[in-house]
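Notes for the structure review
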Amino acid sequence: MVNLNRQALAPGIYLIATPIGAARDITLRSLDILASADVIAAEDTRSLRKLMDIHGIALEGRPLIAYHDHNGAQARPRLMAALEAGKSVVYASEAGTPMVADPGFDLARAAIAAGHCVISAPGPSAVVTALTLSGLPTDRFLFAGFLPSTCAARKTALRDLAAVPATLAFYESPKRVAAMLRDAADVLGGDRAAALCRELTKKFEEVLRGTLAELAQELQATPRKGEMVVVIDRAGEVSVNESDIETALRAVMGNMSVRDAADAVSHDLGLKRRQVYQIALRIGADERGHDG
Ligand code: SAM
């Protein structure tokens, strides 16, 4: 059991992250806040009580208020009133970081609009945990939350993300993950690298790495249960051969200077300008030779 640092907290709303599996992944600061806040609010009051019990934090008569997607409009005024009265209010979603595919956004926004302090005690989140395990580049990533549940809408959403130059991360339900991987392979290409990160920080944690086609096949053959994050690599370099560049240049060189044509084509095809400019110079010289 940890030595809690109980203290009078400054008024404001404290957004704390809670574990996504292993109970000891909560931070010491989040425990201190849970032990000290005047009012406690949670997406799931039962799971927060359990977490507090594990870490030896008693309620001691403090209000414990449910705040979730279905009662925000009713519960928010009560929490705002506590803030108005100068109280410290702590909020935890069911697991991980509030507002990351979880409630808390309207509450934080209302607190900001009313001029209250908003304090974050960071900690676990499944998306960051999955990224670190995926083996895929983490220099730039796009968290896309949950995809739509119907095939047509899911494919449209995936098409919108196909060219994003970043690693893509999705939350997914075990019921839909096989279909999601199949659709992702169809839309993004079966050979894109991907990782399925399941039951992170829990007893049956598993990370499957492979191409989208391989993962789709594996999930079809052996369905998996539990909580999961799908991480997908960005699109590879598009391979463009010299004749594609020539065709694109010839289409625009009639009404542009060599320099402008090289700029436009290198931008459109995502190529280095120098390479395109060399080809444009050659086409320009050929055409002048013809004219003469
Ligand atoms: N706020 C949470 C966070 O910061 O990660 C996410 C909440 S969202 C409602 C729940 C989804 O997060 C699950 O359906 C799953 O996709 C993902 N998730 C949560 N815990 C996980 C875990 N231990 N392993 C893998 N994915 C997890």
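Throughout what follows, the structure given in this document is the object of discussion. (Residues numbered from 1 in each chain as written. Predicted model: local features only at pLDDT ≥ 70, side-chain atom pairs only at ≥ 80, totals over all residues. Heavy atoms only, no water.)

**Overview of the sheet that holds strand S8 (residues 193-198)**
Across the sheet, 5 strands lie side by side as S6-S7-S10-S8-S9; this open sheet has mixed pairing. A strand with exactly one partner marks an edge of an open sheet, and here the two such strands are strand S6 (141-146) and strand S9 (206-211). The mean inter-strand angle of the sheet, taken between neighbouring strand axes irrespective of direction, is 15°. Here 5 bridges tie S8 to strand S10 (residues 228-232), and the two strands are oriented antiparallel to one another. (Pairing = 2+ DSSP bridges. Helix = DSSP H or I, 4+ residues; strand = E, 2+ residues; numbered from the N terminus. Axes fitted to C-alpha atoms, helices over the stretch in contact; angles between N-to-C directions.)

**A few points about the site of the ligand**
Within the structure, the ligand sits among 19 residues, and Val-100, Ser-125, Ala-126, Tyr-171 and Met-228 are positioned closest to it. Within the contact set of the ligand, a nitrogen atom lies 2.8 Å away from a side-chain nitrogen or oxygen of Asp-102. A distance of 3.5 Å separates an oxygen atom of the ligand from a polar atom in the backbone of Glu-172. For the shell around the ligand, the elements supplying multiple residues, two or more each, are strand S7 (167-172) and S10. (Near = heavy atom within 4 Å. Polar contact = N/O pair within 3.5 Å; in protein donor to acceptor, adjacent residues only side chain to side chain.)

**Digging into unusual backbone geometry**
In this structure, Glu-60 takes a positive phi of about 50° despite not being glycine. Here Glu-60 lies in the loop between helix H2 (45-54) and strand S3 (64-66). A residue is classified by how much of its surface remains accessible, and Glu-60, at 57% relative accessible area, is exposed. Not every positive phi belongs to a glycine, and Thr-201 is a case in point at roughly 65°. (Buried < 20%, exposed > 50% of the residue type's maximum accessible area, 1.4 Å probe, protein only.)

**Section: the nonpolar core**
Phe-170, Leu-181, Leu-188, Leu-212 and Ile-232 are the most contacted members of the largest nonpolar core, which has 24 residues in total. Those elements that place two or more of their residues in this core are helix H6 (151-161), S7, helix H7 (177-188), S8, helix H8 (212-221) and S10. Per element, the largest residue contribution to this core is 6 residues, and it comes from H7. If sequence neighbours within four positions are ignored, Leu-181 has contacts with Leu-212, Leu-215, Ala-216, Leu-219 and Val-230. Grouped together as the second largest cluster of nonpolar side chains are 21 residues, Leu-9, Ile-16, Ala-42 and Leu-59 included. (Core = buried A, V, L, I, M, F, W, Y, C linked by side-chain atoms within 4.5 Å. Contact = heavy atoms within 4.5 Å.)

**Here's the deal with the sheet that holds strand S5 (residues 118-121)**
With respect to topology, 5 strands assemble into an open sheet ordered S3-S2-S4-S1-S5, the strand pairing being parallel. In this open sheet, the two strands that pair with only one neighbour each are S3 and S5. If you compare each strand with its neighbour and ignore which way they point, the axes differ by 25° on average. On the sheet, helix H1 (residues 28-36) packs against strand S1 (12-16), strand S2 (39-42), strand S4 (88-92) and S5 and is oriented at approximately 130° with respect to S5.

**Quick look at the pattern of salt bridges**
Applying the stated criterion to the full structure yields 15 salt bridges. Close ionic contact of Lys-202 with Glu-227 constitutes a salt bridge, the shortest N to O distance being 2.9 Å. One end of the pair, Lys-202, is in the loop between S8 and S9; the other, Glu-227, is in the loop between H8 and S10, with 25 residues separating them in the sequence. Residues Glu-287 and Arg-250 are paired through a salt bridge, measuring 3.4 Å at the closest nitrogen-oxygen approach. Separated by 37 residues along the polypeptide, Glu-287 in helix H11 (residues 273-291) and Arg-250 in helix H9 (residues 242-253) bring together distant segments of the chain. Using a relative accessible area of 41% as the deciding quantity, one classes Arg-250 as partly exposed. (Salt bridge = Lys/Arg side-chain N within 4 Å of Asp/Glu carboxyl O.)

In short, the description is geometric, and any link to function would need to be established separately.
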